[in-house]
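# Chain and residue survey
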Amino acid sequence: MAKTLKTLGEDVWRTKVEKVNGELFALTYGSIVTQLCRDFNNNYAKVNAQLDKMGYNMGMRLIEEFLARSQLGRCRDFRDTAETVAKVAFKMFLNISPAVTNVAPDAKAFSLVFDENPLAEFVELPEAARRRAVGSAAGPVENGDAMASAPAPLWFSNVLCGVVRGALEMVQLQVDARWVSDVLLGDECSEMRVTLIKVLEDEVPAGED
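All of the points below concern the structure found in this document.

The rules behind each value
- Residues numbered from 1 in each chain as written.
- Predicted model: local features only at pLDDT ≥ 70, side-chain atom pairs only at ≥ 80, totals over all residues.
- Heavy atoms only, no water.
- Helix = DSSP H or I, 4+ residues; strand = E, 2+ residues; numbered from the N terminus.
- Buried < 20%, exposed > 50% of the residue type's maximum accessible area, 1.4 Å probe, protein only.
- Contact = heavy atoms within 4.5 Å.
- Areas by Shrake-Rupley, 256 points an atom, 1.4 Å probe, with all protein chains shown as cover.
- Core = buried A, V, L, I, M, F, W, Y, C linked by side-chain atoms within 4.5 Å.
- Phe/Tyr/Trp six-rings, centres within 6.5 Å; stacked < 30°, edge-to-face > 60°.
- Salt bridge = Lys/Arg side-chain N within 4 Å of Asp/Glu carboxyl O.
- Axes fitted to C-alpha atoms, helices over the stretch in contact; angles between N-to-C directions.
- Parallel < 35°, antiparallel > 145°, perpendicular 65-115°, else oblique.
- Nonpolar A, V, L, I, M, F, W, Y, C, P; charged D, E, K, R; others polar.

Quick look at the overall build of the protein now. When helices and strands are counted, the protein shows seven helices and four strands. Each helix and strand of the protein, ordered N terminal to C terminal, gives the series α-α-α-α-β-β-α-α-α-β-β. The buried share of the protein, reckoned over its 209 residues, is 44%. Pairs at least 24 residues apart make up 66% of the contacts formed inside the protein by residues separated by at least 6 positions. Split by element, the accessible area of the protein, about 11300 Å² in all, is 51% carbon and sulfur.

Let's shift gears to the nonpolar core. Ranked by size, the top nonpolar core spans 39 residues in total, and within it F90, L112, L154, F156, L160, M192 and V194 carry the most contacts. If you list the elements that add at least two residues to this core, you get α2 (22-39), α3 (44-70), α4 (78-94), β2 (109-114), α7 (158-169), β3 (173-181) and β4 (190-199). For this core, the leading source of residues is α4, giving six residues. Each residue touching L112, except ones within four places of it in the same chain, is listed here: A82, V85, A86, F90, P98, A99, V100, S190, E191 and M192. Judged by nonpolar contacts, the second largest core, of six residues, contains V88, A89, M92 and A167.

Considering the arrangement of structural elements, one finds L27 in helix α2. Considered as a pair, L27 and E121 are 94 residues apart in the sequence and their alpha carbons are 8.7 Å apart.

Another aspect to go through is the packing of aromatic side chains. If you walk through the whole model with that rule in mind, you get four aromatic pairs. Ring centres of Y29 and F156 lie 5.4 Å apart, and the angle between their planes is 85°; this geometry places the pair in the edge-to-face category. In this pair, Y29 sits in helix α2 while F156 sits in the loop between α6 (144-149) and α7, placing the two residues 127 residues apart along the sequence. Residue classification places F156 among the buried positions, given a relative accessible area of 4%.

A word on the pattern of salt bridges. As enumerated under the stated definition, the model contains five salt bridges in all. Put simply, R79 and E83 hold a salt bridge, and the shortest N to O gap is 3.4 Å. In this pair, R79 and E83 both sit in helix α4, four residues apart, roughly one turn of the helix. The residue D176 makes a salt bridge to R178 at a minimum N-O spacing of 2.8 Å. Via salt bridges that share partners, R79, E83 and K87 belong to a single interconnected network.

This brings us to the packing of α3 against α4. Orientation of α3 relative to α4, taken along the N-to-C sense of each, is 100°, at an axis distance of 11 Å. What the angle tells us is that α3 and α4 run roughly perpendicular. Within the contact between the two elements, α3 uses L62, E65, F66, R69 and S70 and α4 uses T84, V88, A89, M92 and F93. Across the contact of α3 with α4, the residue classes tally to six nonpolar, two polar and two charged.

Here it is as structure tokens:
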């Protein structure tokens, strides 16, 4: 199945996706992050939250394009979801295929490890943006005031967590998606942890404006 999904992702990228200049794409995203840092006075917790919210709304819309171009049906289980996200979705939209690792024993959580990340192609974070409290990770936080006062680094590619969260919610999978490591912060790899919270009823999410 994994090989089939890998082939599908490559075929869709090659034949059905309109290509954009990778360098321009990276620089455009970088300028957005830079402006958010200015708007929030380098409060990286707030910047992370805004990137996640932006990605969430993008994911809710991209899922329709994904389903139309891939012609895939409903995944059998959450492990199948992991392989589909890694080998088809990321390949389709970013031309990368992160590795699926650290699958939980109950198969309700997995990690995506990125060997490459086009969003961070030309990025080097300042020291202030790399500082973090022990155990800090990106992800949506309900209490905005508490989040704003908590020490946090800049999770530069946090928009991707939001995209995963929003897209999966549209297919009735409520998940938590957050970075647990990032090479931009000096870590050995960039790892996103995705955890299934619950399977939703067949209803459309309200969205995050």
